[in-house]
Amino acid sequence: MYYNGSPNHGAGRLERSVRFLCTSVWPILYSYLSIETGQPFAIWSLPKDKVLALLPENQALGLAIRHFHQQVSSYFSQPHTTRTALQTISAGVHFLQLIDERLRTQPTWT
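Here the structure is a predicted model, which is why all the values come from computation and not from measurement.

1. With respect to the side chain of Q71
Piece 1. One can find Q71 in helix 4 (residues 60-77).
Piece 2. The class for Q71 is buried, based on a relative accessible area of 13%.
Piece 3. Excluding its chain neighbours within four sequence positions, the residues that come into contact with Q71 are T84, Q87, T88 and A91.

2. Let's talk about helix 4
Piece 1. Its 18 residues give helix 4 an end-to-end C-alpha distance of 26 Å, which sits within 8% of 26 Å, the value for a rise of 1.5 Å per residue.
Piece 2. Taken residue by residue, helix 4 has L61, G62, A64, I65, F68, Q71, V72 and Y75 as its buried positions.
Piece 3. Buried residues along helix 4 sit in contact with helix 1 (13-37), helix 3 (48-52) and helix 5 (82-105).

3. Structural notes on helix 1
Piece 1. Across its 25 residues, helix 1 extends 36 Å between first and last C-alpha, which sits within 8% of the 36 Å expected from 1.5 Å per residue.
Piece 2. Residues of helix 1 that are buried include every one of L14, E15, V18, L21, C22, V25, W26, L29, Y30, Y32, L33 and S34, and no others.
Piece 3. Check the buried side of helix 1 and you find it contacts helix 2 (40-44), helix 3, helix 4 and helix 5.

4. Thoughts on the pattern of salt bridges
Piece 1. Under the counting rule described, the total for this entry stands at three salt bridges.
Piece 2. With a closest N to O distance of 3.5 Å, E15 and R19 form a salt bridge. Of the two residues, E15 and R19 are both situated in helix 1; the distance of four residues between them amounts to about one turn of the helix.
Piece 3. With a relative accessible area of 13%, E15 lands in the buried category.
Piece 4. According to the relative accessible area criterion, R19 is partly exposed, its value standing at 39%.
Piece 5. When the shortest N-O distance is used, the salt bridge between R102 and E36 registers 2.9 Å. Highlighted residues: R102 in helix 5 and E36 in helix 1, separated in sequence by 66 residues.

5. Re the nonpolar core
Piece 1. Ranked by internal contacts, the top residues of the largest apolar core, which has 21 residues, are L29, I65, F68 and F95.
Piece 2. Counting only elements with at least two residues in this core, the list comes to helix 1, helix 3, helix 4 and helix 5.
Piece 3. The leading source of residues in this core is helix 1, at eight residues.
Piece 4. Beyond its immediate stretch of four places on either side in the chain, L29 contacts V51, L52, L55, I65 and F95.

6. Regarding the side chain of T88
Piece 1. One can find T88 in helix 5.
Piece 2. Of the residues examined, T88 reaches a relative accessible area of 1% and is grouped as buried.
Piece 3. Ignoring any residue separated from it by four or fewer positions in sequence, one finds T88 in contact with V18, L21, F68, Q71, V72 and Y75.

7. A few points about the environment of H69
Piece 1. Among the structural elements, H69 can be located in helix 4.
Piece 2. In this structure H69 comes out as partly exposed when scored by relative accessible area, which is 28%.
Piece 3. C-alpha separation for the pair H69 and A91, spaced 22 residues apart in sequence, amounts to 8.7 Å.

Conventions used here
Every chain is numbered independently, its residues counted from 1 as its sequence is written. The predicted origin of the model limits local features to residues at a pLDDT of at least 70 and limits the giving and counting of side-chain atom pairs to 80 or more, whereas totals for whole chains, interfaces and linings rest on all residues. Calculation of side-chain values draws on the structure's entire complement of heavy atoms; hydrogens and water are dropped beforehand. The numbering of helices and of strands both runs from the N terminus, where a helix is a DSSP run of H or I of at least 4 residues and a strand a run of E of at least 2. Burial here depends on accessible area, computed with a 1.4 Å probe over protein chains only, as a share of the maximum for the residue type. Under 20% is buried, over 50% is exposed, and the range in between is partly exposed. Only heavy atoms matter for contacts: two residues are in contact if any of them lie within 4.5 Å across the pair. Multiply 1.5 Å by the residue count of a helix minus one, and that product is the helix's expected span. For salt bridges, the criterion is a side-chain nitrogen of Lys or Arg within 4 Å of an Asp or Glu carboxyl oxygen. In this text, buried Ala, Val, Leu, Ile, Met, Phe, Trp, Tyr and Cys residues form a nonpolar core when linked through side-chain atoms within 4.5 Å.

Pasting the structure below:
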């Protein structure tokens, strides 16, 4: 984990915000796919790369979660900057908005 000590980071608060966002995005992805597939135990036992593979690469949800995953991986493997933190947060929020939209247009699964 890298931190350059810049006062622009709010003493690690931005990094903490990225981490907290991850604690929302990943469980929501797993929950969404559990409902979609009807196989919650199978879904929750999968690692992230296998869960990501369940969403089509050419559809909005698949693109959004892959972008978020890439942003998170990049953010936590390099020195943290305000810009990369905000890009990561933006990617996570975008995914959450797409899930929200999906739930509004198809509130129940059959």
